[in-house]
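Chains, contacts and geometry: an overview
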Amino acid sequence: MSQDAPIVIIGTGLSGYSLAREIRKQDKEAPVLMITADDGHSYSKPMLSTGFTKGKNADELAQADAAGMVEQLNIEVRTHTTITGLDPAGHCVMIGDERLAYSKLVLAWGADVIRIPLEGEGQEHVYSINDLMDYRAFRQALDGQSRVAIMGAGLIGCEFANDLRNGGYEVDVIAPSDTAMPGLVPPAAGDAVVEALTEEGVAFHLETVVDRIDRQDKGVRLTLANGETVDADRVISAVGLRPRVDLAQAAGLQVNRGIVVDRALQTSAEDIYALGDCAEVDGHVLLYVLPLMASSRALAKTLLGTPTEVAYGVMPVMVKTPCCPTAVCPPPAGAEGKWHIERDGRNVRALFKDAAGTLLGFAVTGDYAMEKQGLSKEVPPIH
Ligand SMILES: Cc1cc2nc3c(=O)[nH]c(=O)nc-3n(C[C@H](O)[C@H](O)[C@H](O)COP(=O)(O)OP(=O)(O)OC[C@H]3O[C@@H](n4cnc5c(N)ncnc54)[C@H](O)[C@@H]3O)c2cc1C
């Protein structure tokens, strides 16, 4: 290993660039090399599901290109460069035949979209949107079109449904659940979002799945398991994400749902760390921005010589469905307790409490979404 080698960060998403920023706050000179498979634009991924509402296309959502980030942060960035392997014993990463040495390595390479195998020849019109380049391609494909079908009624499916309606598109949502965001919010809150989106003109097809996608005129025809058909010009697949673990696993690092790291973001291999969507931090897989920001602050200190564990605060998630604003702070996995629900139309206050009445999580929609801040002060931080 060469101690002269740079800190190498794989990935220029929010995790990679947040970490580089945190490093620079403390050390203006430490050599940092960032490597990314994409074009290295800096952008806020949550904004991808607000493009039509805010009237911004992919270029307008980008905050800086790779050259801008090089200048801003005094770092090196290699774009359109895919890491193909890790050699923890040799302190190298592989880019095809090239071996590149690191002093410390940070995996910030995100999560893959889950693709469900489907019958039919209409697959070319199916888009997954998990980065700015995906978004650019989708917006181009949407040019001159008017109907979008969305597979999935999770947070991302609902946000795109609202945003595309705001952009004037006809929107159908197809999902196996009986309500929206079933893994994230209790049914009353999901129902409020479904009702509000339905009033906005979104057509929901719940408790069914897409069986096949066939070409039809300039678009596609989706055949659902319940026998219905839905015609659309373009399709968004928003059925979930899976942390990228394959290269880490192949290199012998411990992986589970994500790349396993401790509270110091250290993997099972010396000098290799992980954060963001690819990481499983002390058992938590949290595919959100606040956890990665907290992680990058702690990891920068560790990399610069002061070992620091990440401390998560309370991290509520805002669902960007302006027709029914929603804030959620899920109770910890396996928490004992039950939901207490008050509902007045699309205003839902769902509080998850234990037997002693302690608030452990909440979901609030509509007018009650404003209570997010007050409720967040009552909920204990994630352990
Ligand atoms: C539409 C949408 C809306 C969202 N809204 C919210 C929200 O409102 N609030 C919230 O908290 N979270 C939200 N999220 C989640 C949040 O945006 C993500 O958790 C976060 O952006 C993940 O950042 P990351 O840097 O870990 O991963 P990514 O942004 O996926 O970055 C991964 C990077 O690694 C690179 N890479 C991957 N593999 C390789 C390789 N082999 N070699 C080299 N480079 C590689 C990629 O090119 C990329 O640069 C949303 C997500 C989406 C998709």
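Residues numbered from 1 in each chain as written. Predicted model: local features only at pLDDT ≥ 70, side-chain atom pairs only at ≥ 80, totals over all residues. Heavy atoms only, no water.

So, the domain arrangement of the chain
One can read the domain layout of the chain as domain 1 (7-112 + 242-303), domain 2 (115-237) and domain 3 (325-378). Using C-alpha coordinates to define each centre, domain 2 is positioned 28 Å away from domain 3. Counting residues at the interface gives 11 residues for domain 2 and 11 residues for domain 3. Here domain 2 and domain 3 share an interface that buries about 900 Å² over both sides, 70% of which is from carbon and sulfur atoms. If you sort the residues of domain 2 by the area they bury against domain 3, Leu184, Pro186 and Ala188 come out on top, with a joint share of 44%. Along the contact surface separating domain 2 from domain 3 lie two salt bridges. Residue Glu195 pairs with Arg343 through a salt bridge whose shortest N-O separation is 3.1 Å. Put simply, domain 2 and domain 3 have two residue pairs in polar contact (both at pLDDT 80 or more) between them. (Domains from an automatic or database assignment. Contact = heavy atoms within 4.5 Å. Buried area = accessible area lost by both parts, 1.4 Å probe. Salt bridge = Lys/Arg side-chain N within 4 Å of Asp/Glu carboxyl O. Polar contact = N/O pair within 3.5 Å; in protein donor to acceptor, adjacent residues only side chain to side chain.)

Thoughts on the pairing of strand 26 (residues 347-353)
The two faces of a sheet get side chains in turn, since along a regular strand they alternate between them. Most of strand 26 is tucked away, with six of its seven residues classed as buried. Summarising the sheet, strand 25 (residues 338-344) and strand 26 pair through seven bridges and their orientation is antiparallel. Residue pairing for strand 26: Arg343 is matched across the bridge by Val348. Where strand 26 folds back onto strand 27 (residues 359-365) in an antiparallel hairpin, the turn is made up of five residues, including Gly357, whose phi is positive at roughly 90°. (Buried < 20%, exposed > 50% of the residue type's maximum accessible area, 1.4 Å probe, protein only. Helix = DSSP H or I, 4+ residues; strand = E, 2+ residues; numbered from the N terminus. Pairing = 2+ DSSP bridges.)

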